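An overview of the molecular structure
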Amino acid sequence: MKIATFLAATCILLTACQQKASEKRTVDFEKEKAAIQAVIAKETESYYKQNFEAWKSTYLQTAAFRKFGYWEGYTDKIVSNIGFESLATEKKKQFNNNETLWQGSVEERTNENFRISPEMAWYTFEQNSYDIKTRKFLGKSLETRILEKENGVWKIAYLGFHYYPEKAESK
């Protein structure tokens, strides 16, 4: 009888713990989605304004950070950063030398997909970039962001982009 009572109590406690853990794992999807979109918008805006501190604040500043990208306009076509320090060094130099590409462009994001858990999220989208003044099309890319929460704030832990090849001018 004591064993049956012990097992019943254990089952009740385990069920209660599982329910409590499940409650903690739920997220307010729309709230977190808006927070993620705000971080991505801040990163983009501060990049074009060449505001290093604001730009840097959107990233997970650890050795775990990664960036992998492809664009025909790069000499080697493919770029990567392993760890945040290499990216920070690159961007600080770029900002100081006023070498930011497509300054003042406008980005439109479509086909967005979000997967959000309490401490980690991934966000994929297609992005079209246009010149802010002329609306000239600059490029289309497939983008990926993986974010982690650091002290309750979303930070970019992975940045991936793949620009579609530019179409040859028709003659």
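Just so it is clear, the model here is predicted, and its values are computed rather than measured.

The next subject is the side chain of E43. Relative to the elements of secondary structure, E43 occurs in helix α2 (residues 29–48). The contacts of E43, once residues within four sequence positions are left out, are W55, T58, Y59, I156 and L159.

Among the nonpolar cores identified, the biggest contains 26 residues, and I36, W55, Y59 and I156 are the most heavily contacted of them. Going through the elements one at a time, α2, α3 (52–56), α4 (84–96), β3 (105–116), β4 (120–131) and β6 (153–163) are the ones with two or more residues in this core. Leaving out residues up to four positions away in the same chain, I36 has contacts with F114, I116, A121, Y123, L147 and W154.

A word on the packing of aromatic side chains. Tallied over the full model, the rule gives 19 aromatic pairs. For the ring pair Y47 and F95, a centre distance of 5.9 Å and an interplane angle of 65 degrees mean the geometry is edge-to-face. Of this pair, Y47 sits in helix α2 while F95 sits in helix α4, and the two are 48 residues apart along the sequence. Across this residue pair, the class does not change: Y47 and F95 are buried. Here the aromatic cluster, defined as three or more aromatic residues joined through ring pairs, consists of Y47, Y48, F52, W55, Y59, F65, F84 and F95.

Definitions and cut-offs
Residues numbered from 1 in each chain as written. Predicted model: local features only at pLDDT ≥ 70, side-chain atom pairs only at ≥ 80, totals over all residues. Heavy atoms only, no water. Helix = DSSP H or I, 4+ residues; strand = E, 2+ residues; numbered from the N terminus. Contact = heavy atoms within 4.5 Å. Core = buried A, V, L, I, M, F, W, Y, C linked by side-chain atoms within 4.5 Å. Buried < 20%, exposed > 50% of the residue type's maximum accessible area, 1.4 Å probe, protein only. Phe/Tyr/Trp six-rings, centres within 6.5 Å; stacked < 30°, edge-to-face > 60°.

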